[in-house]
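Residue-level structure breakdown
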Amino acid sequence: MKVGDYVVFVSDGTKGIIMEIQGNLYHIVWEDHFSSWEYGETLRKEEAYL
């Protein structure tokens, strides 16, 4: 995964976009405009943002 990729939070299906990466931590801005840092294993890359 890289900056600009669309992702889904595995536990609840929330969609977001990667804004920054530091090691295995990903800074995500979610569809509700909230942002957070998440571990890579909690995210799944989306091929298309719907």
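For the structure given in this document, a descriptive report is provided here. Fair warning: this is a prediction, and the values are worked out from it, not measured in the lab.

We now examine the overall build of the chain. Scanning the chain from N- to C-terminus turns up zero helices and five strands. For the chain, the N- to C-terminal ordering of α and β elements is β-β-β-β-β. Since a compact globule built from 50 residues should have a radius of gyration of about 10 Å, the 9 Å found for the chain is in line with a globular shape. Principal axes of the C-alpha set define a box for the chain whose edges measure 25 × 20 × 20 Å. Classification of the 50 residues of the chain by burial places 32% in the buried group.

Turning our attention to the packing of aromatic side chains. For the structure on display, the rule yields one aromatic pair. Pairing phenylalanine 9 with tryptophan 30 gives two aromatic rings, centres 5.7 Å apart and planes at 75°, and the pair type is edge-to-face. With phenylalanine 9 in strand β1 (residues 6-9) and tryptophan 30 in strand β3 (residues 25-30), this pair connects stretches of sequence that are 21 residues apart. Pair check on accessibility: phenylalanine 9 and tryptophan 30 agree, each one buried.

Counted under the stated rule, the structure contains three salt bridges. Lysine 2 is the partner of aspartate 5 in a salt bridge, and the nearest nitrogen-oxygen pair spans 3.1 Å.

Take the nonpolar core next. Core analysis: the biggest nonpolar cluster contains seven residues, these being Val7, Phe9, Ile18, Tyr26, Ile28, Trp30 and Leu43. Among the elements of the structure, β1 and β3 are those that each provide at least two residues to this core. With three residues, β3 is the largest single contributor of residues to this core. Not counting residues within four places of it along the chain, the set of residues in contact with isoleucine 28 comprises Val7, Gly16, Ile17, Ile18, Phe34, Ser35, Ser36, Glu38 and Leu43.

Thresholds applied
- Residues numbered from 1 in each chain as written.
- Predicted model: local features only at pLDDT ≥ 70, side-chain atom pairs only at ≥ 80, totals over all residues.
- Heavy atoms only, no water.
- Helix = DSSP H or I, 4+ residues; strand = E, 2+ residues; numbered from the N terminus.
- Rg over C-alpha atoms; globule rule 2.2 N^0.38 Å.
- Buried < 20%, exposed > 50% of the residue type's maximum accessible area, 1.4 Å probe, protein only.
- Phe/Tyr/Trp six-rings, centres within 6.5 Å; stacked < 30°, edge-to-face > 60°.
- Salt bridge = Lys/Arg side-chain N within 4 Å of Asp/Glu carboxyl O.
- Core = buried A, V, L, I, M, F, W, Y, C linked by side-chain atoms within 4.5 Å.
- Contact = heavy atoms within 4.5 Å.

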